[in-house]
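What the coordinates show
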Amino acid sequence: MDYRRTYIRDLFDLPPGNPATAYGWVKTRRDSKGVSFVQIADGSCFKDLQVVIEAGTIPEETLKRITTGASVRFDGDIVESPGEGQETEFKAHSVEVYGEADPAHYPLQKKGASFEFLREIAHLRARGNTFGAVFRVRSRCAYAIHKFFIDRGFHNIHTPIITASDCEGAGAMFAVTTLLDAQGHGPEAKAALRAMEFSEDFFGKPAYLTVSGQLDAETLALGMTNVYTFGPTFRAENSGTSRHLAEFWMIEPEMAFCSLEGNMNLAEEFLKEVIQDLLDNCSADLEFFNQRIEPDLLSTLHHVVNSGFERMTYTEAVDRLAKSGEPFEFPVFWGSDLQSEHERWLTEIDVGRPVILTDYPKDIKAFYMRQNEDGKTVRAMDVLAPRIGEIIGGSQREERYDVLEKRIVEMGLPLEAYWWYLDLRRFGSVPHSGFGLGFERMLMYVTGMKNIRDVIPFHRTPGSAEF
RNA sequence: UGCCGCAUAGCUCAGUCGGUAGAGCAGCUGACUGUUAAUCAGCGGGUCGUAGGUUCGAGUCCUACUGCGGCAGCCA
């Protein structure tokens, strides 16, 4: 057995008469008097292979072991299919059953199960139509993202996952420590841990899992011009929503000599090109999502690819919201952060496609965003998408040493922790921009899946770290 | 973390006014010369999330807890 072989995806391209071998897991078996049909899948494509077993070809005892969930290899020939639903099918001469799956206990059935139930058996759900499709699209999407950046001269950089700087400012952080090991895991260890000095810990100071690679990415951009990271990110927020994970994957490009306009152009090109790649290379999977998950998916994706994103300032958005006449639960006024209901109205009702909002009030945005001349707003941008809300958040960074230093102090942040970040502004500073894109949010958008836990193989959320 | 909802067979659900439990699918047995979520007949399958309470009697009403989901906040 070698990994180099013909996958089920390739068997559909073989002409009738071709001898072939098929490996996979059984989806379902249908028996008739003189013939049995077995659908098998190997994850290589959306379609199942129909294997036909004529009575007497294989022993009755062996046939009985070919049940839903079993892993098998069939040897036989590709033949023309007299039935409807497929051009060719696989006529089996012999079979090997590698692993049986007791039908009385195998939890997946032919009929669909709820996503909530499938989350509890996440180790088996990749065998079903939906999650096979999700994870194929996830794989292709990651590839398309790397391709997009590499094609444009970006360098893929790897920023640290463990960080000792408590200054990324993007949310609650997970601590990383070896003190627990030193103290054992008993109840007395907790008390001892509290008394410990972090100077005795592994890194000699408090360390955390990263909440963003941006600050490190900026350092590489100011030397390599265009860079991006694509890696795991951790937020310890106690969020229980359909669009938050404690562990997720984030794409963060950072560009030197680039203004907010260039940043917006990149974000728009990015979404369009990656979606086009998926339309070209995952059509069967997307067709399935369009049929069974989100009826307007394909028309929405084509629309995104073919039309410009609406761009407007925060100030204009607030104006439009105020004049909308909608009975919002939360009032809209200049200086307030936009609520989900406001973002939804803008993207879904007012504009009907992705919207890029820019120039937010500085007090609701991070310290590193470049201040505008009006003294009130910063060069921030949020890309809002219908159905899922904020998909991209980015900004032009503050490149002026004095302004940045003043802002750090104003916001009560520890100046000394930012020595290297400020150094970038002392030596060869340059206007630069970047954004962060949640990979799983993007996947929700392109698959139509409604819960972020269903676009990652094994989700980490508050109270949940199974598998 | 707040608000709302849900928890009954392996899965998806029904269960009326409080009177000791039902369907479809899956499973098992059999039938059927080519099925496509195959079809047909029969069979087995339940501590009604947990713990209390009200009541002659609780799947049903009340309280708490746990789990899950939705919305909001935090954000990507």
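In this text, all values refer to a predicted model and were calculated from it rather than measured experimentally.

Concerning the overall build of chain A
Helix and strand counts for chain A come out as 15 helices and 16 strands. In terms of its C-alpha atoms, chain A occupies a principal-axis envelope of roughly 85 × 60 × 45 Å. For chain A, restricting intrachain contacts to residue pairs at least 6 apart in sequence, the fraction spanning at least 24 positions comes to 68%. Accessible area of chain A: about 22600 Å², with a carbon and sulfur share of 51%. A distance of 3 Å separates the average location of the 50 positive side-chain charges in chain A from that of its 70 negative side-chain charges.

Re the protein's contact with RNA strand B
What surrounds RNA strand B is a group of 47 residues, the closest being S32, K111, N238, H244 and R441. Protein-adjacent atoms of RNA strand B, using a 4 Å cutoff, are sugar or phosphate at a proportion of 54%. With respect to RNA strand B, the side chain of Q50 contributes an N or O atom lying 2.6 Å from a base oxygen. Interatomic distance of 3.3 Å between a side-chain N/O atom of S242 and a phosphate oxygen of RNA strand B. At the level of elements, strand 1 (19-31), strand 2 (35-41), helix 3 (115-120), strand 11 (247-256), helix 12 (340-351), strand 15 (389-396) and strand 16 (432-438) are the ones that each hand at least two residues to the surface near RNA strand B.

Some remarks on the packing of helix 11 (residues 314-323) against helix 12
Where helix 11 contacts helix 12, the two axes come as close as 11 Å, and the packing angle between them is 80°. One way to sum up the angle between helix 11 and helix 12 is to call them roughly perpendicular. On helix 12, the residues that touch A317, R320 and L321 of helix 11 are H342, W345, L346, D350 and V351. The class makeup of the residues in the contact of helix 11 with helix 12 is five nonpolar, one polar and two charged.

Details of the packing of aromatic side chains
Summed over all chains, the structure comprises 22 aromatic pairs. Grouped by ring-pair contacts, the aromatic residues F148, F149, F154, Y228, F270 and F435 constitute a single cluster. In this arrangement the basic side chain of K365 is found over the ring face of Y360, its NZ or CZ atom lying 4.3 Å from the centre. Above the face of the Y421 ring, R425 is positioned so that its terminal group lies 4.1 Å from the ring centre.

Focus on helix 10 (residues 297-306)
Among the residues of helix 10, L297, L298, L301, V304 and V305 are the ones counted as buried. Buried positions in helix 10, seen along its axis, are confined to an arc of 125° and lie on one side of it.

With respect to the layout of surface pockets
If a probe the size of a water molecule is rolled over the atoms, the empty space left behind becomes visible. The computed volume of the second largest pocket comes to approximately 940 Å³. Elements supplying a minimum of two residues to the lining of the second largest pocket: strand 1, strand 2, helix 3, helix 4 (129-151) and helix 9 (283-292). Residues that form the lining of the second largest pocket fall into these classes: 15 nonpolar, 12 polar and 11 charged. Shared between two domains, the lining of the second largest pocket takes at least three residues from each, and those domains are domain 1 (8-111) and domain 2 (129-173 + 210-454).

A short note on the side chain of S71
Relative to the assigned elements, S71 resides in strand 4 (residues 71-80). Of the polar contacts made by the side chain of S71, one reaches the backbone nitrogen of G99; its length is 2.9 Å. When neighbours within four sequence positions are excluded, S71 is seen to be in contact with G24, W25, E96, V97, Y98 and G99.

Notes on the sheet that holds strand 2
Taken in spatial order, the five strands line up as 1-2-3-5-4 and close into a barrel, and their pairing is mixed. Adjacent strand axes in the sheet meet at a mean angle of 55° when their direction is disregarded. Summarising the sheet, strand 3 (residues 49-54) and strand 5 (residues 88-99) pair through two bridges and their orientation is parallel. Counterpart to V51 in the pairing with strand 5 is F90.

Quick word on the domain arrangement of chain A
By the assigned domains, chain A splits into domain 1 (8-111) and domain 2 (129-173 + 210-454). Each of domain 1 and domain 2 has a C-alpha centre, and these two points are 45 Å apart. In this complex, domain 1 contributes six residues to the contact, which on the side of domain 2 involves six residues. Taken over both partners, the interface formed by domain 1 and domain 2 buries close to 430 Å², and the fraction arising from carbon and sulfur atoms is 57%.

Quick notes on the pattern of salt bridges
Opposite charge on two side chains makes pairing possible when the charged atoms of those side chains draw close. If you walk through the whole model with that rule in mind, you get 35 salt bridges. In this structure, E273 engages R152 in a salt bridge whose closest nitrogen and oxygen atoms are separated by 2.7 Å. One end of the pair, E273, is in helix 8 (residues 260-281); the other, R152, is in the loop between helix 4 and strand 6 (155-156), and 121 residues separate them in sequence. The class for E273 is partly exposed, based on a relative accessible area of 31%. A salt bridge links E218 to R397, with the nearest nitrogen and oxygen atoms 3.9 Å apart. Of this pair, E218 sits in helix 7 (residues 214-224) while R397 sits in the loop between strand 15 and helix 13 (401-410), placing them 179 residues apart in sequence. Each member of the pair, E218 together with R397, is buried. Through salt bridges with shared partners, a single network forms among E310, E316, R320, D350 and R353.

What about the confidence of the model for chain A?
Per-residue confidence for chain A gives a mean pLDDT of 91, with 96% of residues at or over 70. Highest mean pLDDT in chain A belongs to strand 6 (98); lowest belongs to helix 6 (residues 187-195) (66). Listed scores for the predicted complex are pTM 0.93 and ipTM 0.90.

Concerning the packing of helix 8 against helix 15 (residues 439-447)
Between helix 8 and helix 15, the shortest axis-to-axis distance is 12 Å and the interhelical angle comes to 55°. Relative to helix 15, the element helix 8 lies oblique. Of the two elements, helix 8 crosses helix 15, and the hand of that crossing is right-handed. Residues F270, L271, V274, I275 and L278 of helix 8 form the contact with helix 15, whose participating residues are M442, Y445 and V446. Here the contact of helix 8 with helix 15 is composed, by residue class, of eight nonpolar, no polar and no charged.

What counts as what
Residues numbered from 1 in each chain as written. Chains lettered and ligands numbered in written order. Predicted model: local features only at pLDDT ≥ 70, side-chain atom pairs only at ≥ 80, totals over all residues. Heavy atoms only, no water. Helix = DSSP H or I, 4+ residues; strand = E, 2+ residues; numbered from the N terminus. Contact = heavy atoms within 4.5 Å. Areas by Shrake-Rupley, 256 points an atom, 1.4 Å probe, with all protein chains shown as cover. Lys, Arg positive; Asp, Glu negative; His and termini not counted. Charge placed at Lys NZ, Arg CZ, Asp CG, Glu CD. Near = heavy atom within 4 Å. Polar contact = N/O pair within 3.5 Å; in protein donor to acceptor, adjacent residues only side chain to side chain. Axes fitted to C-alpha atoms, helices over the stretch in contact; angles between N-to-C directions. Parallel < 35°, antiparallel > 145°, perpendicular 65-115°, else oblique. Nonpolar A, V, L, I, M, F, W, Y, C, P; charged D, E, K, R; others polar. Phe/Tyr/Trp six-rings, centres within 6.5 Å; stacked < 30°, edge-to-face > 60°. Lys NZ or Arg CZ within 6 Å of the ring centre and 35° of its normal. Buried < 20%, exposed > 50% of the residue type's maximum accessible area, 1.4 Å probe, protein only. Arc of directions from axis to C-beta. 1 Å grid on protein atoms, 1.4 Å probe; cavity = no way out; pocket = protein on both sides within 12 Å on 5 of 7 lines; lining within 4 Å. Points joined across faces, edges and corners; volume = space filled by probe spheres on them. Domains from an automatic or database assignment. Pairing = 2+ DSSP bridges. Buried area = accessible area lost by both parts, 1.4 Å probe. Salt bridge = Lys/Arg side-chain N within 4 Å of Asp/Glu carboxyl O. pLDDT = per-residue confidence, 0-100. Left-handed = near helix turned anticlockwise from the far one by under 90°.

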